[in-house]
Amino acid sequence: MSKHFTALADLSVPTIMALLDRAHFFFHQTTSHLPRVLEHKVIANVFFEPSTRTRISFEMAAKRLGAEVINFDLSNSSVKKGESLYDTLRTLEAIGSDALVLRHADDRIFETLGPKLKTPLVNAGAGKHEHPSQGLLDLFTLQREFKRLEGLHIAILGDIRHSRVAGSMMLVAQRLGIKVSLCAADEFLPVQLPGNCSKQTLDHVLPDVDAVMCLRNQFERHEGLDMDNAAFHRDWGLTSARAARMKPSAIIMHPAPVNRGIEISDELVEAPASRIFQQMENGVFVRMSILEWILKRDSL
Amino acid sequence: MSKHFTALADLSVPTIMALLDRAHFFFHQTTSHLPRVLEHKVIANVFFEPSTRTRISFEMAAKRLGAEVINFDLSNSSVKKGESLYDTLRTLEAIGSDALVLRHADDRIFETLGPKLKTPLVNAGAGKHEHPSQGLLDLFTLQREFKRLEGLHIAILGDIRHSRVAGSMMLVAQRLGIKVSLCAADEFLPVQLPGNCSKQTLDHVLPDVDAVMCLRNQFERHEGLDMDNAAFHRDWGLTSARAARMKPSAIIMHPAPVNRGIEISDELVEAPASRIFQQMENGVFVRMSILEWILKRDSL
Amino acid sequence: MSKHFTALADLSVPTIMALLDRAHFFFHQTTSHLPRVLEHKVIANVFFEPSTRTRISFEMAAKRLGAEVINFDLSNSSVKKGESLYDTLRTLEAIGSDALVLRHADDRIFETLGPKLKTPLVNAGAGKHEHPSQGLLDLFTLQREFKRLEGLHIAILGDIRHSRVAGSMMLVAQRLGIKVSLCAADEFLPVQLPGNCSKQTLDHVLPDVDAVMCLRNQFERHEGLDMDNAAFHRDWGLTSARAARMKPSAIIMHPAPVNRGIEISDELVEAPASRIFQQMENGVFVRMSILEWILKRDSL
């Protein structure tokens, strides 16, 4: 098994369930009673793309378990002097980092560089395909709400094709018995759909789903595309009228940051059905679980 | 009482005196004997305006008491992706920050956002009105020197109208029995003066004051104004000639960073009467006191 | 003796050997058994020039020994408000930093500012002359390989004149009985050569040397110079053909970051003879030694 935490697609179902169980254990501790299992470990946060939320979430997870964190600041880095990504990671390995939490635009980073590194890499949203810690926190959020995963039905809406969040979820949902309805214009759908995923209109599936997962509109990836935000909201967004048609038990999710009024109506962000800020809370517990697993697997 | 630390104006005199007493307690410990009262706490420094001095002072205070610190780097933040300030603060709350130390240009941040947040906010210089941790360190510096506050007479000179440092001091001085003489051109004076504050010429009050508090000329806020630095120094600054007319026991204060040769003569910055660098030292002790109070109030 | 760690030139041979011995001691501990000798110390990393590698190496050394680290981010600093370097360092001293690890372009920083500061300064590559922690790690690397320093013969190639790495090595090598051959075009040689250093062609000395120390081509310092990288590599770089003529026991060193294919052939960077990434590992141990020495000297 790879020593890296690269993709949910690489993990067995029992491993995923064990990671989630451990996250629930951390969730039930008060912060002062969390086990300091990562004491004397030093974790490097290596972010080549800006992402305060994910960086800080990993930093919090590491510190709560007793680890030290070194933040690698891209703008101040030797990368400016023309150093290769490989040399940068090898440097962070050489100085004794116990794990490298990595964010980078390049898809092939784990395939090409992973085998050359002894230090475990943790995918904190690298490339276009997977954002596995986000996938895990989405599963955790569903479990925390419904006490189960199998048999749930979730709708994903928005720019699914460009979303690594959706990528992680679609791939793992099939193996966990979660039914996924993809609700988006054709140009935002993946070219190939996994078996348990089908294209649906949101209005059709709304009364049946247990959760609506909104995605962030990635404006920065649609340069040149003439987006009409109001039209997008009306045609493809989660409006208040649509939310009113959800089951009383159903929840609203979003990986954040949110574009209020575009993929989701402003007043839904903190509506009773919303778990958006709870997802951020949950993210710290699953990242504790990931870091412990990657660093202490041999002794667990 | 608000759970936030927003303004000295909101604190009772006994609370202010208790905060100062506790700062004196910390001051008298050696660093290795400081009580680790903030162990297992994680404090987020959230700076939307640059301020190395204040950020580092809070960071030092937190670490000396055993807390962990997460620095929120604006330039790398999701704010770039269009996220609102509220969403950013709610995110930092959701990931489990125990307190948010906040620097921001907006005056209404505490009024409008404070009530929506469960996590205590600490004003590290937000808006134009108050900079309460600086106000507290100024009081601490006076106490350390004179063993009392009541009956002291201080002169404030420079750009009083645009100074949140002066704002905090003027408001609190009245309640503590400190007499304040404001020595500045009319365009630099506040529109309304608190009861204990009067406009004076520096030359008139110099022989009587216990402390001269110079303010930093905020060039960045006077865009377009044609400032003649030499004339300003001659007319309104603390020159060596003026300093020579102070009482032997009187001290010189400045919140720093200093514009040497403008609001204060270069050779006075480290003159025997200057407490400018001592003020920075004192700042760490009052910030320890503030952080402990905000985080441990219920158990104190 | 100066309380600062400024230059290897200032240290006696017994002091240098003691620092190296202590680094070897740290090297032989597992990370969880390293003595926490710097607990309750707070070290400020003050980097006015970008250098991820050195900053992170010092940060790792400090944290492994139990110290806290405050990173001073230049881009967010009050230096922008026109504050002098002296005032910045005095501020970091005033808030209670136990040591200031300093990187700055100015050569005279230690001479002019050192005597005015009570807090020990550690040269992390300041000015053009010395980079003493790099010099110490180069010595450590030679010791780790050859169990001795005296009698070794090393070749330095590349832009020796502009290299503070070469500066530190040339000055100390003479006192330690290391023979140095400088292999570079005249415009890259120092104006004056220390006694044990002589100009040589690399091809002539290759079969005799114990180590080849390649330097990084400092493109940023050669603005306007018309550099032909391929010609430089052919005439002055360590090519694979040249490396094949080295003794079997000889090693390849480079302070990094590496310009692959310019001063050194790409395939040599991780060749069996290369100690380039091991040097980065070694850097943490010598920096532990430096920090302990500077902070605990009185009690050692």
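Small disclaimer: the values here were computed from a predicted structure and weren't measured.

All names here are of chain A. As far as domains go, chain A holds domain 1 (8-130 + 281-299) and domain 2 (132-276). Between the C-alpha centres of domain 1 and domain 2 the distance comes to 26 Å. The partner domain 2 presents 23 residues to the 30 residues of domain 1 that form the contact. The contact between domain 1 and domain 2 buries some 2,300 Å² in all, and 63% of this surface belongs to carbon and sulfur atoms. The largest per-residue losses of area from domain 1 upon contact with domain 2 belong to Leu-8, Glu-130 and Asn-282, which jointly make up 25% of the total buried on that side. The interface formed by domain 1 and domain 2 holds two salt bridges in total. Among the salt bridges present, the one from Arg-164 reaches Glu-49, with a minimum N-O distance of 2.9 Å.

This part is about the packing of helix H5 (residues 132-146) of chain A against helix H10 (residues 276-296) of chain A. The description of two helices packed together rests on the angle between their axes and the distance between the axes. Residues and elements named next belong to chain A. The interhelical angle for the contact between H5 and H10, taken along N-to-C directions, is 115°, at an axis separation of 8 Å. Once H5 is placed against H10, the crossing between them reads as right-handed. Facing Ser-133, Gln-134, Leu-136, Leu-137, Asp-138, Phe-140, Thr-141 and Arg-144 of H5, the residues of H10 in contact are Gln-278, Gln-279, Glu-281, Asn-282, Gly-283, Val-286, Arg-287 and Ile-290. Residue classes in the contact of H5 with H10 are distributed as five nonpolar, seven polar and four charged.

The subject of this paragraph is the pattern of salt bridges. Once the charged atoms of two side chains with opposite charge are near each other, the side chains can pair. This model, assessed by the stated rule, comprises 54 salt bridges over all chains. What you see here is one network of salt bridges that share partners, running through Glu-49, Arg-103 and Arg-164 of chain A.

Right, let's talk about the pairing of strand S6 (residues 179-183) of chain C for a bit. All names here are of chain C. Of all five residues that make up S6, four are buried, and the element is covered over most of its length. When strand S5 (residues 153-157) meets S6, the two strands line up parallel, connected through five bridges. Bridging across to S6, Leu-157 finds its partner in Cys-183. For the crossover that starts at S5, traverses helix H6 (residues 164-176) and ends in the parallel S6, the hand is right-handed. Two elements, S6 and strand S7 (residues 197-199), share three bridges in a ladder whose sense is parallel. Among the inter-strand pairings, Val-180 is bridged to a residue of S7, identified as Cys-197.

This part is about the sheet that holds strand S5 (residues 153-157) of chain A. All names here are of chain A. Spatially, S7-S6-S5-S8-S9 is the arrangement adopted by the five strands of the open sheet, whose pairing is parallel. A strand with exactly one partner marks an edge of an open sheet, and here the two such strands are strand S7 (197-199) and strand S9 (251-253). Across the sheet, the axes of successive neighbouring strands diverge by a mean angle of 25°, strand direction being ignored. Bridge count between S5 and strand S8 (residues 211-214): four bridges; the pairing is parallel.

It is worth spelling out helix H6 (residues 164-176) of chain A at this point. Residue and element names in this part refer to chain A. Here H6 spans 18 Å end to end across 13 residues, near enough to the 18 Å set by a 1.5 Å rise per residue. With 10 of its 13 residues buried, H6 lies for the most part within the structure. Listed in full, the buried residues belonging to H6 are Arg-164, Val-165, Ala-166, Gly-167, Ser-168, Met-169, Met-170, Val-172, Ala-173 and Leu-176. N-cap assignment for H6: the residue whose side-chain oxygen lies 3.2 Å from the backbone N of Val-165 is Ser-163. Following H6 by one or two positions, Gly-177 adopts a phi angle in the positive range, close to 75°.

Calculation criteria
- Residues numbered from 1 in each chain as written.
- Chains lettered and ligands numbered in written order.
- Predicted model: local features only at pLDDT ≥ 70, side-chain atom pairs only at ≥ 80, totals over all residues.
- Heavy atoms only, no water.
- Domains from an automatic or database assignment.
- Contact = heavy atoms within 4.5 Å.
- Buried area = accessible area lost by both parts, 1.4 Å probe.
- Salt bridge = Lys/Arg side-chain N within 4 Å of Asp/Glu carboxyl O.
- Axes fitted to C-alpha atoms, helices over the stretch in contact; angles between N-to-C directions.
- Helix = DSSP H or I, 4+ residues; strand = E, 2+ residues; numbered from the N terminus.
- Left-handed = near helix turned anticlockwise from the far one by under 90°.
- Nonpolar A, V, L, I, M, F, W, Y, C, P; charged D, E, K, R; others polar.
- Buried < 20%, exposed > 50% of the residue type's maximum accessible area, 1.4 Å probe, protein only.
- Pairing = 2+ DSSP bridges.
- Right-handed = clockwise from strand over helix to strand, strands pointing away.
- Expected span 1.5 Å × (residues − 1).
- Polar contact = N/O pair within 3.5 Å; in protein donor to acceptor, adjacent residues only side chain to side chain.

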